[in-house]
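# Breakdown of the fold
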Amino acid sequence: MYQVSESTKKQFEKMMGIAAVREGLEFIKKDQEQTIADQKELVVIEAPTFHEETRAAFVAEKFKELGLMDVHIDRGGNVTGIRKGNKNGPKILIEGHLDTVFPFGTVTGVTEKEGYLYAPGIGDDTRALAMMFGILRVLHATGIQTEGELIFTATTREEGAGSLGGMKDFLEDHKDIDISLSIDNNDMSMLVFEATCGETWEVTFKGIGGHAYGAFGKMAQPIHAAARAVAKIAEFTVPEDPKTSFCVSNFHGGTEAGVHAIAPEAAIKINFRSNSKEELEKLKSKIFQAIEEGAKEESDKWQKDRITCEKKQLGEVPGGTQSPNLPLVEAAYLGLKSLDIEPVFGKGGCTNANVAISKKIPSICMGRAFAPDEKSKEVRNHSINERFPVEGAYKAVQQVFMVLLMAAGIPGEFDSVMR
Ligand SMILES: [Zn+2]
């Protein structure tokens, strides 16, 4: 049975007793339409990973309009701006990512149907950017000052081969961040405070290559070697807890020389993850062994040439874990409870929060959408049919608002929950 500490509970009650906070929660509810409008405006400004510039420029203008100071785009392409706190308060990062998994030309508009907005990227993570705008509006409308300094950031290169790159750059350049808040879960009821580690590799099998008939028997075949390796990997079993996964996500071989040739090269891409670093290392060595074996078996069969394997790391996501009784997690738990939402403790996670957690910065990842039933939970992110449930979406903003204030503290009222 999960128990929240007395001190966190007291602070939460104190916060909820402040008139400006209650006004803020009301304001957010009324601001729903504006936030949805922002979301629709943002989603059509496409931002594939590594190509976030246009969306970044738009967010920078918005951040300025909404009163942030020192708004700029940093060396990592992240848009960042500050809302000052008291001198000695903690520094709090609040972020959502700019990039989406879709190439340019995918988003043609937003359709609205039966309470959902449809557009690739409409939730992940466009909604988070719109939510940050909403948070800035409510802070302005209520005039709430915080003890801690708030650093609003729209990060680049979260997805895929970006491997949380924008966040990595940001935290590299800001070693003084005390608390990190991410918005990147689909469903707001999920409490994500653990970080799944993972790696992505590309392996190229190389041989000689020749005519499918004429050269047959005179050489080993790289595509066959790759297939042997993949067949071995396919047979792996991994623990369910700590959850561990593996996937050959890409398999490519053959050249323009066409269908009657032994291809000189074949390449595979592999992604593997685990909530335990130890399991990840175990799995990695098994995968690498399968690759060597695949190449060796194919080479041994023909005994003419040797297939070589070149391994290249494409990405790395750091991991780590925090206590479920971290006051920040407790604050998020109480926030959800106050909204009549039953918190679900997420197992692992793979968001920008990973970078903060791996650096031992107290961190949590919050959700974008109010999704009380199976249908609304099915948001299909990373698919071109992605959709976002509109009704009650303001609750996700209310949750971020409450957690942010708990993290930042309000002068004369209460200190940061992490102090
Ligand atoms: Zn995301």
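First, a word on what this report is: a plain description of the structure on this page. (Residues numbered from 1 in each chain as written. Predicted model: local features only at pLDDT ≥ 70, side-chain atom pairs only at ≥ 80, totals over all residues. Heavy atoms only, no water.)

## Regarding unusual backbone geometry
What counts is decided by this rule: Under the DSSP-based scheme used, a helix requires at least four consecutive residues in state H or I and a strand at least two consecutive residues in state E, with every element numbered from the N terminus. Only protein chains enter the area calculation, which uses a 1.4 Å probe; residues under 20% of their type maximum are buried, those over 50% are exposed, and those in between are partly exposed.
In the segment running from Asp124 into Asp125, the intervening peptide bond is cis, with an omega of -5 degrees. By the secondary structure assignment, Asp125 is in the loop between strand E5 (116-118) and helix H5 (126-142). In this model, Asp340 sits at a positive phi of 65 degrees, which is unusual for a non-glycine residue. Tracing the backbone through its elements, the reader meets Asp340 in the loop between helix H9 (327-338) and strand E15 (344-345). Here Asp340 falls in the exposed class, since its relative accessible area comes to 74%.

## Considering the side chain of Asp31
Put simply, the test is: Only heavy atoms matter for contacts: two residues are in contact if any of them lie within 4.5 Å across the pair.
Residue position: Asp31 is located in the loop between helix H2 (19-30) and helix H3 (32-43). Apart from the residues within four sequence positions on either side, Asp31 is in contact with Gly134 and Arg137.

## Quick word on the packing of H2 against helix H12 (residues 394-408)
So the rule is basically this: An axis is simply a line fitted to the C-alpha atoms; with a helix, the fit covers only the stretch in contact. Between two such axes, the angle follows the N-to-C directions and lies from 0 to 180 degrees. In this scheme, roughly parallel covers angles under 35 degrees and roughly antiparallel covers those over 145, while 65 to 115 is roughly perpendicular and the rest are oblique. Each crossing gets its handedness from the near helix: less than a right angle anticlockwise from the far helix is left-handed, clockwise is right-handed. Each residue receives one of three labels: charged for Asp, Glu, Lys and Arg, nonpolar for Ala, Val, Leu, Ile, Met, Phe, Trp, Tyr, Cys and Pro, and polar for the others, Gly being one of them.
Relative to each other, H2 and H12 sit at 155 degrees, their axes nearing to 9 Å. Considering their axes alone, H2 and H12 lie roughly antiparallel with respect to each other. Note on packing geometry: the crossing formed by H2 with H12 is right-handed. Listed contacts from H12 to Val21, Gly24, Leu25, Ile28 and Lys29 of H2 are Tyr394, Val397, Gln398, Phe401, Met402 and Leu405. Each residue belonging to the contact of H2 with H12 can be placed in one class, and the counts come to eight nonpolar, two polar and one charged.

## Focus on the coordination of the zinc ion
This is how it is decided: Only nitrogen, oxygen and sulfur atoms qualify as donors, and only when within 2.8 Å of the metal (3.2 Å in the case of Na, K and Ca); with water excluded, sites may look incomplete. In these descriptions, tetrahedral denotes four donors with every angle between 85 and 135 degrees, square planar four donors and octahedral six donors with opposite donors over 155 degrees apart and the rest between 65 and 115, and irregular any other case.
At this site the zinc ion is bound by His97 (NE2), Asp124 (OD), Asp184 (OD) and Asp184 (OD), with donor distances of 2.0 to 2.6 Å. Of note is the zinc ion, whose four donor atoms meet at the metal with angles of 52 to 145 degrees in an arrangement that counts as irregular. Along the chain, the residues donating to the zinc ion fall in the pattern H-x26-D-x59-D. With Asp124 in the loop between E5 and H5 and Asp184 in strand E7 (residues 179-187), the pair connects residues that are 60 residues apart, well separated along the chain. Judged by relative accessible area, which is 5%, Asp124 ranks as buried.

## Description of the sheet that holds strand E6 (residues 149-155)
So the rule is basically this: Being paired, for any two strands, means DSSP has found at least two bridges between them.
Sheet architecture is open: six strands sit in the order E1-E2-E6-E3-E7-E16, paired in mixed fashion. Edge positions in the sheet fall to strand E1 (69-73) and strand E16 (363-369), since each of these pairs with one other strand and no more. Each neighbouring strand pair of the sheet contributes to a mean axis angle of 20 degrees, computed without reference to strand direction. Summarising the sheet, strand E2 (residues 79-83) and E6 pair through five bridges and their orientation is antiparallel. Along E6, the bridge assignment pairs Arg83 with Leu150.

## As for the pattern of salt bridges
Going by this rule: Here a salt bridge means any side-chain nitrogen of Lys or Arg lying within 4 Å of a carboxyl oxygen belonging to Asp or Glu.
Scanning the model with the defined rule gives 29 salt bridges in all. A salt bridge links Lys232 to Glu293, with the nearest nitrogen and oxygen atoms 3.6 Å apart. Remark: Glu293 occurs in helix H8 (residues 277-302) and Lys232 occurs in helix H7 (residues 222-234); sequence separation between them is 61 residues. Take Lys232: its relative accessible area is 23%, and that puts it in the partly exposed class. Assessed through its relative accessible area of 30%, Glu293 is described here as partly exposed. Its salt-bridge partner being Lys311, residue Glu292 comes within 2.8 Å of it at the nearest N-O pair. Taken together, the positions of Glu292 in helix H8 and Lys311 in strand E14 (residues 308-317) put the pair 19 residues apart, joining distant regions of the chain.

## Regarding the sheet that holds strand E4 (residues 111-113)
Spatial strand order, E4-E5-E17: three strands in an open sheet with antiparallel pairing. Of all strands in the sheet, those with a lone pairing partner are E4 and strand E17 (387-389), marking the two edges. Strand-to-strand, the axes of this sheet are offset by a mean angle of 25 degrees, without reference to chain direction. Sheet contacts for H3: E4, E5 and E17; angle to E5, the most-contacted strand, approximately 15 degrees.

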